[in-house]
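The residues making up each chain are set out below.
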Amino acid sequence: MSAIISTFLSACTVSSSKQEDAGLVDTLNNIYNHDYEKSIEAKRSQLETLKNQQDIEKQKLSRTQKEYQILQEKTENLIPKIDNLDNKKQQLKKSTTVIEQQLNFTSKEKQRLHQEIAKLDKQEQHLTSSNNKQKTSIDTLIKQRDQLRKELEELLR
C-alpha cells in the first residue's frame, strides 16, 4: 500500500496539469479498490477456511464427547464387576486361610501320628526282642526238661 502512495506522490509532483492529477487519482483509486476487493476476498476465503476448520473441530469434539460418554458408561458398568471381583478375592483369601489352617492342623496331626507310629514301632521291637528272649528261655527250659526226663528215664531203668 505504501508503494501505491509513494507512486501517487511522485506522480503528483511530476505531473503538471490537474487533469493528469485527476487521471492519476482515478488510477490510484482503481488500484486501491482492486487491492481492497482482493483483500476482502482473501479475508472471506480465510473466514471460510476458519469456519471449515471450526466445523471439523466441532465434529472432532462431538466424536470425543461421544467416546467419553461411551467410556464413562463402560466404566460405570465395570465398577460393579470390579466390586464383585474384590468380594470374590476376599472370599478366596478367607477360604485360603481356612485351608491353610486345616493343612497346618493336618500337618501337625500327621506329625503326631508319625511320632505315635515310631513309638509303637519301638514298643513292637522291644516286645519282639523280649518275646524272642522269652522264647529262647522257653526253648532252653524245654531242652533242659527234655534232658532231665532222659536222665530220669535212665535212672529209672
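Everything discussed here concerns the structure shown above.
Residues numbered from 1 in each chain as written. Predicted model: local features only at pLDDT ≥ 70, side-chain atom pairs only at ≥ 80, totals over all residues. Heavy atoms only, no water.

(A) Just the overall build of the protein chain, in detail. Helix and strand content of the protein chain: two helices and zero strands. With 157 residues in all, the protein chain has 3% of them scored as buried. In the structure as shown, the protein chain presents an accessible area of about 14600 Å², 56% of it carried by carbon and sulfur atoms. (Helix = DSSP H or I, 4+ residues; strand = E, 2+ residues; numbered from the N terminus. Buried < 20%, exposed > 50% of the residue type's maximum accessible area, 1.4 Å probe, protein only. Areas by Shrake-Rupley, 256 points an atom, 1.4 Å probe, with all protein chains shown as cover.)

(B) Here's a closer look at the pattern of salt bridges. For the structure on display, the rule yields four salt bridges. Two residues, lysine 60 and glutamate 57, come together in a salt bridge whose shortest N-O distance is 3.8 Å. Of this pair, lysine 60 and glutamate 57 both sit in helix H2 (residues 18-156), separated by three residues, roughly a single helical turn. Given a relative accessible area of 41%, lysine 60 falls into the partly exposed group. For aspartate 146, the salt bridge is made with arginine 145, and the minimal N-O distance between the two is 3.4 Å. (Salt bridge = Lys/Arg side-chain N within 4 Å of Asp/Glu carboxyl O.)

No statement about biological role is implied by the geometric values presented.
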